Amino acid sequence: DQQVKQNSPSLSVQEGRISILNCDYTNSMFDYFLWYKKYPAEGPTFLISISSIKDKNEDGRFTVFLNKSAKHLSLHIVPSQPGDSAVYFCAAVPGGSYIPTFGRGTSLIVHP
Amino acid sequence: NAGVTQTPKFRVLKTGQSMTLLCAQDMNHEYMYWYRQDPGMGLRLIHYSVGEGTTAKGEVPDGYNVSRLKKQNFLLGLESAAPSQTSVYFCASVNPDRVNTEAFFGQGTRLTVV
């Protein structure tokens, strides 16, 4: 039973537009959330994170929103660039133990 | 600053053979993890360690063993490889004592069992 769900396996967006990647979780013990980006033949790299005490965190073109009542978070990329084409993993960490649980990933393709 | 280094990067095994994957980190991190990535399955936790000399099972531990004899190294062993263990394996490490921390990943080991 997946505790972290990314229900969209893929997303296609035109360059310059907004990309929105979604993630849902079921475990109320999760209190820290991260997004990782993965290019082919490379390891995942950290992109942005958010603590459960916040509902938004911004870093340049990347913004993560957290809706605790809905157990939902989203990653917004504005504007999208072809170099953003990668697989994005959502991860959640429970309070008191740093054992990340990952979603299955969303493959983002940004078309020029 | 190497970060997290995995060896080997690629390996082909025959069914029943054994091998050890090595993960080394130079960031003095306490926690280390082994994940496997399979198509459509995301990253699944095999085993993890919260400090030197400790190990614990993750989501998919069967068929694997681990050891953390030194803080900087985390070894993943396959005693008798099976085709179902064909996957890409990622090691990660983190120091959870820092605020707003994230896990760092190695570049992966692509293992094929024939």
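Scroll up to find the structure this text is about.
All values reported here derive from a predicted model rather than from experimental measurement.

What counts and what doesn't
Residues numbered from 1 in each chain as written. Chains lettered and ligands numbered in written order. Predicted model: local features only at pLDDT ≥ 70, side-chain atom pairs only at ≥ 80, totals over all residues. Heavy atoms only, no water. Pairing = 2+ DSSP bridges. Helix = DSSP H or I, 4+ residues; strand = E, 2+ residues; numbered from the N terminus. Contact = heavy atoms within 4.5 Å. Buried area = accessible area lost by both parts, 1.4 Å probe. Salt bridge = Lys/Arg side-chain N within 4 Å of Asp/Glu carboxyl O. Polar contact = N/O pair within 3.5 Å; in protein donor to acceptor, adjacent residues only side chain to side chain. Nonpolar A, V, L, I, M, F, W, Y, C, P; charged D, E, K, R; others polar.

(A) Geometry of the sheet that holds strand E3 (residues 19-25) of chain A. Residues and elements named next belong to chain A. With respect to topology, 5 strands assemble into an open sheet ordered E1-E3-E8-E7-E6, the strand pairing being antiparallel. This sheet does not close on itself; its edge strands, each paired only once, are strand E1 (4-5) and strand E6 (56-59). Strand direction decides the pairing type here: E1 and E3, joined by 2 bridges, are antiparallel. Paired with Val 4 across the bridge in E3 is Tyr 25.

(B) Molecular detail of the pairing of strand E7 (residues 62-67) of chain A. All names here are of chain A. Relative to E7, E6 runs antiparallel, the two being bridged by 4 bridges. By the bridge assignment for E7, Asn 57 is matched with Val 64. Once E6 ends, the chain turns through 2 residues before running back antiparallel as E7, passing Gly 60 with a positive phi of about 65 degrees. Where E7 and strand E8 (residues 72-77) come together, 6 bridges link them in antiparallel fashion. Considered in E8, the bridge of Val 64 is made with Leu 75. Between E7 and E8, which pair antiparallel one after the other, the connecting turn spans 4 residues, and Lys 71 there sits at a positive phi close to 50 degrees.

(C) How the structure looks around the interface of chain B and chain A. Counting from both sides, the interface comprises 20 residues of chain B and, opposite them, 16 residues of chain A. When chain B packs against chain A, close to 1,600 Å² is buried across both sides, 64% of that on carbon and sulfur atoms. The largest share of the area that chain B buries against chain A comes from Leu43(B), Glu102(B) and Phe105(B), three residues that together contribute 28% of it. Connecting chain B to chain A are 0 salt bridges. Across the contact surface, chain B and chain A share 3 residue pairs in polar contact (both at pLDDT 80 or more). Elements supplying a minimum of two residues to the side of chain B that touches chain A: strand E4 (31-38), strand E5 (42-49) and strand E9 (87-94) of chain B. Its residues placed into classes, the side of chain B that touches chain A shows 12 nonpolar, 7 polar and 1 charged.

So yeah, pure geometry; function would need other evidence.
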